[in-house]
Each structure stands twice: as C-alpha cells, then as structure tokens.
Amino acid sequence: MVKISIVIVNYRVKYFLEQALRSVRAALTVHPMEAEIFVVDNHSQDDSLDYLTPLFPEVRFIANTENVGFARANNQAMELATGRYILLLNPDTVITEDTLHEVCQFMDTHPDAGGVGVKMVDGNGRFLPESKRGFPTPWVSFCKIFGLSALFPHSRLFGRYHLKYLSPDKCHRIDILSGAFMLMRKETLDKCGLLDESFFMYGEDIDLSYRLVLAGYNNYYVPTPIIHYKGESTKKGSLRYVRIFYEAMLIFFEKHYPHYSKGYYLAVKFSIFFRAMLAAAHRIVAYPFRSRGRNEKRERGEWYILSNQPDRPAGLLPGAPRYTAIESANELPRAGKRSPLRYIVLDSGWLSYREIIGTIQRNCHDRNRFLIYNPHAHVIVSPKEIYTRP
C-alpha cells in the first residue's frame, strides 16, 4: 500500500522545483516508504516539463493547458492519489532526509490528527510565522487588519493570528496548516472534501484546515524544519498578490461567518480593502529602495563556498568575486552588526539536506545570506535569484 502521496503544483519555478524534488528523493532514500509523487504544471509556458521529466522518472507529471489556480491543480492530483497520507508541498521548499519519516510517524501515533504542519524557515534561516496560525475569526481578523497582532504579537488575546506565544521549537495543537507543507489523511479528505476552488490562490489552506477541525480532528505543528523560500513562485511583492490575499480573506469570512449582520460584513469588507491599499502603497514606495540596497550590499559582500569542489560553483558567481573555500561552517567568521554582508554557498552534492538546513539555522544572522548549489544542474539557488551558466 502506498504510504504517502506527494502533490506539488509548479508555475515557472523549475530550478526551485528540481531542488524540492531532489530533497524528496533523498528523504525517500534514507527512510524508504511506498510513495507516489505528482507534479501539476499550471501552464508554465517554459521548458519546466521538458527539463524535469527525464530527470525524475518516478514522478507523474500533469500538464495543464491553462493556469487553473492552486486549489484546482492540487485537487487534480489528490483525486488520483492512493496514499494513506497526502502531502501538499510547495515547489519552493527544501525538506530534510528525516522530514517525511517524522511527520508520517507522528500521524501514525496520533489518530486524532487531521493534519500536520512543520517548522518553516526562509532561505536565510528565519522562522516563518505562518508555520502556525489561528483561524481568522472576526476578532482575530480585526486584530490582524488594524495592527493589534503586530503591536502585541505574544498576547493570547491580540496575537492569535500567528500564535507567537507558542514556542516554534515545540509540538503544539494549532488551527491552520500552511499550504506550503500540509500533510493529511486520505480518509479525512474523503470525509471533509478537497480544497475549495473558489480560492484561486491563498486562503484555501485556511478553509480546509477549518473544515478538518469542524469534522472533529485536531491540527498539529511539529517542529521538524524545512526551507520555504516564501513566494518565489508567487511574487509576493506584487499588487496582484495583495489583491488576491485580501480577497481570499473575504471569501473565507463570507463562507464561514454568514450569520453576521450586513453592517458588520460591510465594515469587515471596507477594513480589508483599506488594509490592502495600505499594503500596496507600502510595496510601491519601498520596493525601489530595497532593490538598490541589495545591489549595493552585494558589491561589498564576502563570498564563502562550503564544498569539496569549490571551483565549480565559483564559476557561477556574479561578477566573479573573490571567495573563500571552506570545509566546515565552523570556519565562518562570527557575524556581528558591523560585519560585511556574507554570501555563503552550500553544495548539496557534498552536504545532506539535513546538514544544509541545520547550517542555515545555526548561522542565521542579518549579515549572512545563504545559497544552495545544485551540482546536477550546475545552478545556484538563492531566495531571490537563480545563478546559471552565462
């Protein structure tokens, strides 16, 4: 019997997806289990499928002729899945060799679990608060929209949106499973239904998590770490993101809180619109300055390559900078507030994904930036850019 069905939706992120698939392959090699992997391509109109199909013969690729959205694309694969557990995984993630084993073992020993989420960190090791969230009830939504959750993030009264009063290093019952890594039982989905396709992108994970709880299950956060580059495939700085995200919040509110008065509903709708406009204005004003700052810092930065063949990734570095080859992360100088910006390239052909994620977490600092070298494709993947042959 198939233990786990892994579903990934792709849209124009072939190198991120290749990295994710290689980490999944490594996990299934170290801890063998019966698995099936689906990749649904949402009409990327690039060479994603031509490039990836021969590299991953164990993967079932589904090519859509249009972008049908995150929910519909995932549902296409879930309708075909036969695994005891179904994992929705973003293409811009990296898991460790232990991740699948640990979350499946947790589900095996917790029959009350409807689903499990994990500890997500960004490409530079910072904890992502969307790893554990509370349901956007009217009160929680009010606190989020009007900034109370940001002002009092650790308050059990005002801070339920990101549940920051719960330790990210301990297991907890939570409300929402992130769609970037969402492990569920197939029998539970047969009972509760799949993703609601009213949500084109964002909000469908909140809705499904809510339905799991309504059906009598518990959702859990397990602190096994993965990398989630958080938006490389969705361009979170765009106005389109702002619009879709807040529209998704409104769809959820209309669906699950229809009994509220029309006046209250209009107030929430106006609040969401107002918050969306503020977010959009902030992105427009701040984006040019952030871009210039990154470029200036990169010119002054120091490069380190953690590899047994440093010359190979060095050939991909922008501007052919000088670099320091190291064989252990312990050789990195300790970062301080006035340290130069450091770009640290980690070779996934030499280090395990467990070692890569551990190194990034232990050396997480404002002055450190991490990149992962894929020797199979001869590319470097970073949170913001892909470095390939000229």
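Residues numbered from 1 in each chain as written. Predicted model: local features only at pLDDT ≥ 70, side-chain atom pairs only at ≥ 80, totals over all residues. Heavy atoms only, no water.

A.B. asks: Go over the overall build of the protein chain with me, naming the residues and quoting the values.
C.D. replies: Counting its secondary structure elements, the protein chain contains 12 helices and 15 strands. For the protein chain, the proportion of its 390 residues judged to be buried stands at 57%. Restricting the contact set of the protein chain to residue pairs at least 6 apart, pairs at least 24 apart contribute 76%. Surface exposure of the protein chain reaches about 18000 Å², of which carbon and sulfur atoms provide 53%. (Helix = DSSP H or I, 4+ residues; strand = E, 2+ residues; numbered from the N terminus. Buried < 20%, exposed > 50% of the residue type's maximum accessible area, 1.4 Å probe, protein only. Contact = heavy atoms within 4.5 Å. Areas by Shrake-Rupley, 256 points an atom, 1.4 Å probe, with all protein chains shown as cover.)

A.B. asks: If you had to explain empty space enclosed by the protein to someone new, which residues and values would you point to?
C.D. replies: By the definition in use, this model includes two cavities of 30 Å³ or more. In this model, the second largest cavity occupies a volume close to 30 Å³. Lining the second largest cavity, in full, are Gln19, Arg22, Ser348, Tyr353, Ile372 and Asn374. Broken down by secondary-structure element, the contributors of at least two residues to the lining of the second largest cavity are α1 (14–30) and β13 (368–374). When its residues are assigned to classes, the lining of the second largest cavity shows two nonpolar, three polar and one charged. (1 Å grid on protein atoms, 1.4 Å probe; cavity = no way out; pocket = protein on both sides within 12 Å on 5 of 7 lines; lining within 4 Å. Points joined across faces, edges and corners; volume = space filled by probe spheres on them. Nonpolar A, V, L, I, M, F, W, Y, C, P; charged D, E, K, R; others polar.)

A.B. asks: Quick one: what's the story with the packing of aromatic side chains, residue by residue and with numbers?
C.D. replies: The geometry of an aromatic ring pair is captured by two quantities: the separation of the ring centres and the angle between the planes. Throughout the structure, instances matching the rule amount to six aromatic pairs. Centre to centre, the rings of Phe135 and Tyr210 are 5.0 Å apart; their planes meet at 85°, and the pair counts as edge-to-face. Residue Phe135 is located in the loop between β6 (113–121) and α5 (138–145), and its partner Tyr210 is located in helix α8 (residues 204–214); the two are separated by 75 residues in the primary sequence. The same class applies to Phe135 as to Tyr210, namely buried. Aromatic pair Phe152 and Phe158: ring centres 5.2 Å apart, planes at 35°, arrangement tilted. For Lys14, the ring lying beneath its charged end belongs to Tyr51, and the centroid distance is 5.0 Å. (Phe/Tyr/Trp six-rings, centres within 6.5 Å; stacked < 30°, edge-to-face > 60°. Lys NZ or Arg CZ within 6 Å of the ring centre and 35° of its normal.)

A.B. asks: Hey, could you go over unusual backbone geometry for me, with residue numbers and the actual values?
C.D. replies: For Ala320, which is not glycine, the phi dihedral falls at a positive 45°. Overall, Ala320 belongs to the exposed group, its relative accessible area being 64%.

A.B. asks: Describe the confidence of the model for the protein chain, naming the residues involved and giving the relevant values.
C.D. replies: With 86% of its residues at a pLDDT of 70 or more, the protein chain has an overall mean of 88. Below a pLDDT of 50 lies the segment residues 292–299, which in the model reaches seven contacts outside its immediate sequence neighbourhood of four places, other chains included. (pLDDT = per-residue confidence, 0-100.)

A.B. asks: With reference to specific residues and values, describe the environment of Glu18.
C.D. replies: Assignment of secondary structure puts Glu18 in helix α1. With 359 residues separating them along the chain, Glu18 and Ala377 place their C-alpha atoms 8.8 Å apart. In this structure the side chain of Glu18 is engaged in a polar contact, spanning 2.6 Å, whose partner is the side chain of Tyr51. (Polar contact = N/O pair within 3.5 Å; in protein donor to acceptor, adjacent residues only side chain to side chain.)

A.B. asks: Quick one: what's the story with the side chain of Thr96, residue by residue and with numbers?
C.D. replies: Topologically, Thr96 is positioned in the loop between β5 (93–94) and α4 (99–109). Residues within four places of Thr96 in sequence aside, it is in contact with Ala27, Pro225, Tyr353, Arg354 and Ile357.

A.B. asks: Run through the pattern of salt bridges, naming residues and quoting values.
C.D. replies: Within this structure, the stated rule accounts for 15 salt bridges. A salt bridge links Lys3 to Asp108; the shortest N-O distance between them is 2.8 Å. Taken together, the residues Lys3 in the segment before β1 (4–10) and Asp108 in helix α4 connect sequence positions 105 residues apart. Here Lys186 ties to Asp190 by a salt bridge, and the two come within 3.6 Å at their closest N and O atoms. Of this pair, Lys186 and Asp190 both sit in helix α7 (residues 186–192), four residues apart, which is roughly one turn of the helix. According to the relative accessible area criterion, Lys186 is partly exposed, its value standing at 24%. Connected through shared salt-bridge partners, Lys3, Arg84 and Asp108 make up one network. (Salt bridge = Lys/Arg side-chain N within 4 Å of Asp/Glu carboxyl O.)

A.B. asks: So what's going on with the sheet that holds strand β12 (residues 342–347)? Which residues, and what values?
C.D. replies: Adjacent strands of a sheet pair through backbone hydrogen bonds, lying either parallel or antiparallel. Taken together, six strands build an open sheet; the order of strands is β11-β10-β12-β13-β14-β15 and the sheet is mixed. Because the sheet does not close on itself, it has two edges, and the strands there are β11 (323–326) and β15 (386–387). Helix α12 (residues 353–362) contacts β12 and β13 of the sheet and is inclined by roughly 165° relative to β12. (Pairing = 2+ DSSP bridges. Axes fitted to C-alpha atoms, helices over the stretch in contact; angles between N-to-C directions.)

A.B. asks: Explain the nonpolar core to me, using residue names and the numbers behind them.
C.D. replies: Core analysis: the largest hydrophobic core is formed by 61 residues, its most contacted members being Ile6 and Phe181. Counting residues per element, this core draws most heavily on α1, at eight residues. (Core = buried A, V, L, I, M, F, W, Y, C linked by side-chain atoms within 4.5 Å.)

A.B. asks: Which residues make up a nonpolar patch on the surface, and what values do they have?
C.D. replies: Judged by side-chain polarity, Phe270, Phe273, Phe274, Met277 and Leu278 come together as a nonpolar surface patch covering roughly 540 Å² of accessible area. As for its position among the elements, Met277 is in helix α10 (residues 262–300). For Met277, a relative accessible area of 44% gives the class partly exposed. (Patch = residues over 30% accessible without salt bridge, like charges linked within 9 Å, V, L, I, M, F, W, Y side chains within 5 Å.)

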